[in-house]
Amino acid sequence: MSWTGAQAHLDQMRSLPNLSGVGIITRDRDSGQVKVGSDREPVVHHRISAYDAAHMRTGIEGAARIVEAAGARKLFSGHQRGRIWERGRGSIDDFIRHTNTLGTAPGQIAMAALHIMGAARMGGGRATSAAGPDGATWEVPNLVIADASTFPASSGVNPMISVEAIAYMNAQRLAAGL
């Protein structure tokens, strides 16, 4: 949520029982890096590219139009300098134009990884995957992966059904081997 002051934030927090979130899932094209820091902890280096930022803006626009059409009385984006749109006080097009002028750099918009896909792929060999076709990792005995990280890449859509299927299959294989 954008910060415009303590009272506005308190009002937003009090409205949580009547608030609904919309997660925008994009399939990012450009990547970053994870390196090991001097403290031996992972350090993420990533800046969203102009190409991927354009997809995010398209997602924000689509979500805004959907919730406005569904009857939302107010909406806001995850931009730090964003404004709240209220029905009857400006058009949804004005709101979208405003969000399109806001940035996607760190500190400008809230982003989260909703489903990490492709980070620990299942596959046929150690050279190209973190786990075998049954989700069992190549390197750690008795460790089975059963989530979206086993995908070959990001699907670009909510993976709930696919994750449930992978979890079911991998659990069945694990149980059969016990």
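Up top is the structure.
Rules used in this analysis
Residues numbered from 1 in each chain as written. Predicted model: local features only at pLDDT ≥ 70, side-chain atom pairs only at ≥ 80, totals over all residues. Heavy atoms only, no water. Helix = DSSP H or I, 4+ residues; strand = E, 2+ residues; numbered from the N terminus. Rg over C-alpha atoms; globule rule 2.2 N^0.38 Å. Buried < 20%, exposed > 50% of the residue type's maximum accessible area, 1.4 Å probe, protein only. Contact = heavy atoms within 4.5 Å. Areas by Shrake-Rupley, 256 points an atom, 1.4 Å probe, with all protein chains shown as cover. Lys, Arg positive; Asp, Glu negative; His and termini not counted. Charge placed at Lys NZ, Arg CZ, Asp CG, Glu CD. Core = buried A, V, L, I, M, F, W, Y, C linked by side-chain atoms within 4.5 Å.

Draft legend 1. Looking closely at the overall build of the protein chain. Helices and strands together make up the secondary structure of the protein chain, namely 4 helices and 4 strands. Of the regular secondary structure in the protein chain, the N- to C-terminal order runs α-β-β-α-β-β-α-α. Over its C-alpha trace the protein chain gives a radius of gyration of 20 Å, far above what one expects of a compact globule, namely 16 Å for 178 residues. Taking the principal axes of its C-alpha atoms as reference, the protein chain extends roughly 60 × 40 × 30 Å. In the protein chain, which comprises 178 residues, the share counted as buried stands at 25%. Of the contacts formed within the protein chain by residues at least 6 apart in sequence, a portion of 46% connects residues at least 24 apart. Here the protein chain has roughly 12,100 Å² of accessible surface; of this, 55% comes from carbon and sulfur atoms. Charge centroids of the protein chain, computed over 18 positive and 15 negative side chains, lie 4 Å from each other.

Draft legend 2. Just the nonpolar core, in detail. Counting 6 residues, the largest nonpolar core consists of Ala64, Leu75, Trp85, Ile92, Phe95 and Ile96. Looking at this core element by element, the count peaks at 3 residues for helix H3 (residues 92-101).

Draft legend 3. Inspection of unusual backbone geometry at higher detail. Of note, arginine 40 is a non-glycine position whose phi angle comes to about 70°, a positive value. Along the polypeptide, arginine 40 turns up in the loop between strand E1 (33-36) and strand E2 (42-45). Even without glycine at this site, asparagine 142 takes up a positive phi of about 65°. Looking at where asparagine 142 falls in the secondary structure, it is placed in the loop between H3 and helix H4 (160-177).

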